[in-house]
Amino acid sequence: MAEIGQDIAKAKAFLERGELVGIPTETVYGLAGNGLNPDAVAKIFATKNRPDFDPLIIHTSSIERVLDFTIEIPEILRLLGEKFWPGPLTLLLSKKNIVPDLVTSGLDMVAVRIPDHSLSMDLLNILDFPLAAPSANPFGYISPTKASHVNDQLGDKIPYILDGGPCEVGLESTIVGVENNEVVIYRLGGLDVKDIEALVGNVKVRTQSSSNPKSPGMLKSHYAPQKPFILGDLKTLIEEYQSKGITFAVLSFGDGSRNVSTGKQVQLSPSGNLNEAAKNLFASMRALDTMDVSVILSELLPEQGLGRAVNDRLKRAATTRDCNPTSD
Ligand code: TXA
Ligand code: MG
């Protein structure tokens, strides 16, 4: 198992040697390596068992430093960066040659983010290279929102995990780029679309892309628990599975289901708060995945605020085919 601590000097030493370190961010924990070192980047792909067509996000600590490894920041994206960084926003920018092609899976654009977490910011500030960091989970599984999640799954493959406590936002960053002067969202995430639109006007949301492997955490089956994960109307599903005699656990948004024992259900936000639901989502899915039941039953949240991004993750986790994420 990895050592877990809060020693940024130790994390720095591992990273300088080309090793990988688990780092906290406000969204999810990252599996970090020197983003300019092709060997460290290759290690990230191998450790996560991630296909090399799925590019990585580069993390740094200031807009000035973003320009060390990108050619330019289009004005409209700069507005977003200035307003929402540090925060759950990733921008797609044209890369300089110093970014290894492996980071971007051969694309000309590199995904960049300034995370909002004091421990990781302190670490980035003492490093003289940026950090490539995908979510610190095996490819396709649920993202980690606690240091222990990282240790459970990758602890035998990395030497150190920086423990920054539970992630405040709990969903991966919102990925944004610009095409023909139009702002496009490629992945819904921890920054609400409405907040982006308030600054730059209407944006296009293009997150469905099961046929285009170059587009990220957009692969249809992703963020998935190991148990079958069934989405629908909870009351109907519970009756159906009870009558079939199949054991199940329930993931609900607000009010719990009265006829399910509390040990077999998790409520994302008893008070019906969408941000709280987002924060609890991945840890709840992990908890349900370890329960002694055959399937997990769940429901969608209202399509508002972070509910949209939570629903995107629920649909990608879902086993049923009638729950495809919507495009546009
Ligand atoms: O919140 C987050 O973004 C977290 C934390 C650790 O920062 N990171 C994260 O990384 O979610 P990851 O690798 O799990 O997801 C990043 C997504 C990938 O699905 C990847 O395909 C996409 O970003 N991406 C990276 N570079 C891209 C590019 N040049 N064009 C399109 N998509 C890109
Ligand atoms: Mg991921």
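Residues numbered from 1 in each chain as written. Chains lettered and ligands numbered in written order. Predicted model: local features only at pLDDT ≥ 70, side-chain atom pairs only at ≥ 80, totals over all residues. Heavy atoms only, no water.

S.K.: I'm lost on the environment of S148 in this one. Help?
M.R.: In this fold, S148 is placed in helix α7 (residues 147–154). Assessed through its relative accessible area of 37%, S148 is described here as partly exposed. The spacing of S148 and A2 is 146 residues in sequence and 9.9 Å in space, taken between C-alpha atoms. (Helix = DSSP H or I, 4+ residues; strand = E, 2+ residues; numbered from the N terminus. Buried < 20%, exposed > 50% of the residue type's maximum accessible area, 1.4 Å probe, protein only.)

S.K.: Before we go on, may I ask you to explain the sheet that holds strand β9 (residues 174–179) in this structure?
M.R.: Hydrogen bonds along the backbone pair up the strands of a sheet, which may run parallel or antiparallel. In spatial order, the strands read β1-β8-β2-β3-β7-β4-β6-β5-β9-β10-β11; together these 11 strands make up an open sheet with mixed pairing. Two strands bound the open sheet, and with one partner strand each, they are β1 (3–5) and β11 (204–205). When strand β2 (residues 21–23) meets strand β8 (residues 160–162), the two strands line up parallel, connected through 2 bridges. Among the inter-strand pairings, V21 is bridged to a residue of β8, identified as Y160. Sheet strands touched by helix α2 (residues 38–48): β3 (30–34) and β7 (131–132). Its angle to β3, the strand with the most contacts, is close to 155°. Relative to the sheet, helix α8 (residues 193–200) contacts β9, β10 (182–187) and β11, its axis offset from that of β10 by approximately 165°. (Pairing = 2+ DSSP bridges. Contact = heavy atoms within 4.5 Å. Axes fitted to C-alpha atoms, helices over the stretch in contact; angles between N-to-C directions.)

S.K.: Explain unusual backbone geometry here, please?
M.R.: A negative phi angle is the norm for most residues apart from glycine, just as the trans form is the norm for most peptide bonds. Here the bond from W85 into P86 is cis, since omega is -10°, no more than 30 degrees from zero. Take P86: it is sitting in the loop between α4 (75–84) and β5 (89–94). One non-glycine residue, S105, adopts positive backbone phi at about 55°. With respect to the helices and strands, the residue S105 is situated in the loop between α5 (101–104) and β6 (109–113). Positive phi values are uncommon outside glycine, yet N181 reaches one of about 65°.

S.K.: Looking at this structure, how should I read helix α10 (residues 274–289)?
M.R.: In an α-helix, one full turn covers 3.6 residues, which means residues spaced three or four apart are oriented alike. With 16 residues, α10 extends 22 Å from end C-alpha to end C-alpha; this agrees with the ideal 22 Å at 1.5 Å per step. When we look at burial in α10, the residues that qualify are L274, A277, A278, L281, F282, S284, M285, R286, L288 and D289. Structurally, α10 contributes buried residues whose contacts are with α7, β12 (229–231), β13 (248–252), β14 (265–267), β15 (295–298) and α11 (307–317). (Expected span 1.5 Å × (residues − 1).)

S.K.: Is there a simple way to explain the nonpolar core in this structure?
M.R.: One recurring pattern in soluble globular proteins: nonpolar side chains tend to sit buried together. Membership of the largest hydrophobic core comes to 88 residues, with the highest contact counts inside it found for L80, L131, V176, F229, L251 and L281. With 7 residues, the single largest contributor to this core is α10. Here this core spans two domains, since at least three of its residues come from each of domain 1 (3–205) and domain 2 (229–318). With residues up to four places along the chain from it excluded, the contact list for L80 reads W85, L89, V176, V183, I196, L199 and V200. In this structure, L234, Y241, F248 and V250 belong to the second largest nonpolar core, which totals 10 residues. (Core = buried A, V, L, I, M, F, W, Y, C linked by side-chain atoms within 4.5 Å. Domains from an automatic or database assignment.)

S.K.: Any chance you could explain the packing of aromatic side chains here in plain terms?
M.R.: When we look at a pair of aromatic rings, we describe it by the centre distance and by the angle of the planes. This model, assessed by the stated rule, comprises 1 aromatic pair. Taking NZ or CZ as reference, K244 lies 4.5 Å from the ring centre of Y241, over its face. (Phe/Tyr/Trp six-rings, centres within 6.5 Å; stacked < 30°, edge-to-face > 60°. Lys NZ or Arg CZ within 6 Å of the ring centre and 35° of its normal.)

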